Amino acid sequence: MRVVFDPNVIISATLSPGGIPAILYELWRSGAFELVVSPKMLAELEGVLAREKFSDLVHPDEIAQLMAVLASDAVLVPDPAEEPGVRSVDPDDDYLIGLASHARSVLVSGDKDLLNLSGRIPVYSPAQLRSFIEGAISDRT
């Protein structure tokens, strides 16, 4: 299974190590699924984490380490040049829809604008993906 995380999922995983996004991050690290990233997604993630409002929560070294792990261990694909067939109410999210579609991946987000597209695109909340993966893992045992 291939997955594209909305940057908000990775940010949540970084800020709340006990939360569901952090569990998903660890499931990815353990090989439960492939994580797909693109240059635009990585740039957005790094830019948001570097904002002053996060300076007391995330050290620049932690950001650098996270970015290095994503760059080396995730599947890096080019940003799609074409617009996605399905669009979000928030045009800033369209690149994530296009990335997931182009990479034949499911999109995981906590963003209601994206989650409202369920049925039109394969999009899941972090909790929905966790349930799916843990169900698949328990079916194998």
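All figures in this text were calculated on a predicted structure; none of them were measured in a lab. (Residues numbered from 1 in each chain as written. Predicted model: local features only at pLDDT ≥ 70, side-chain atom pairs only at ≥ 80, totals over all residues. Heavy atoms only, no water.)

Student: Please clarify how the packing of helix H1 (residues 7-15) against helix H3 (residues 39-49) should be interpreted in this entry.
Tutor: Running from N to C, H1 and H3 point in directions that differ by 40°, and their axes come no closer than 10 Å. In terms of orientation, H1 lies oblique with respect to H3. Of the two possible hands of crossing, H1 and H3 adopt the one that is right-handed. On H3, the residues that touch Pro7, Ile10 and Ile11 of H1 are Met41, Glu44, Leu45, Val48 and Leu49. Residue composition of the contact of H1 with H3, by class: 7 nonpolar, no polar and 1 charged. (Axes fitted to C-alpha atoms, helices over the stretch in contact; angles between N-to-C directions. Helix = DSSP H or I, 4+ residues; strand = E, 2+ residues; numbered from the N terminus. Parallel < 35°, antiparallel > 145°, perpendicular 65-115°, else oblique. Left-handed = near helix turned anticlockwise from the far one by under 90°. Contact = heavy atoms within 4.5 Å. Nonpolar A, V, L, I, M, F, W, Y, C, P; charged D, E, K, R; others polar.)

Student: For this particular structure, what's the right way to read the layout of surface pockets?
Tutor: To find the voids left in a structure, one rolls a probe of water-molecule size over its atoms. Space inside the largest pocket adds up to approximately 320 Å³. Together, 15 residues line the largest pocket, and Ala13, Thr14, Tyr25, Glu26 and Leu66 are the ones closest to its centre. Put simply, the parts of the chain that give the lining of the largest pocket at least two residues each are H1, helix H2 (20-29) and helix H4 (60-73). The class makeup of the residues in the lining of the largest pocket is 10 nonpolar, 2 polar and 3 charged. (1 Å grid on protein atoms, 1.4 Å probe; cavity = no way out; pocket = protein on both sides within 12 Å on 5 of 7 lines; lining within 4 Å. Points joined across faces, edges and corners; volume = space filled by probe spheres on them.)

Student: Can you walk me through the sheet that holds strand S4 (residues 106-108) in this structure?
Tutor: Strand pairing within a sheet occurs via backbone hydrogen bonds; the two strands may be parallel or antiparallel. Spatially, S3-S2-S1-S4-S5 is the arrangement adopted by the 5 strands of the open sheet, whose pairing is parallel. Strands at the two margins of the open sheet, each flanked by one partner only, are strand S3 (75-76) and strand S5 (123-124). Relative to strand S2 (residues 34-37), strand S1 (residues 2-5) runs parallel, the two being bridged by 2 bridges. In the strand pairing of S2, Val3 is matched with Leu35. Across the sheet, H3 lies against S1, S2 and S3, angled at about 85° from S2, the strand it touches most. (Pairing = 2+ DSSP bridges.)

Student: Would you mind showing me how to read the nonpolar core here?
Tutor: Nonpolar side chains in soluble globular proteins tend to be buried together. Grouped together as the largest cluster of nonpolar side chains are 46 residues, with contacts concentrated most on Phe5, Trp28, Leu45, Leu70 and Leu107. When neighbours within four sequence positions are excluded, Trp28 is seen to be in contact with Phe33, Glu34, Leu35, Val69, Leu70, Asp73 and Ala74. (Core = buried A, V, L, I, M, F, W, Y, C linked by side-chain atoms within 4.5 Å. Buried < 20%, exposed > 50% of the residue type's maximum accessible area, 1.4 Å probe, protein only.)

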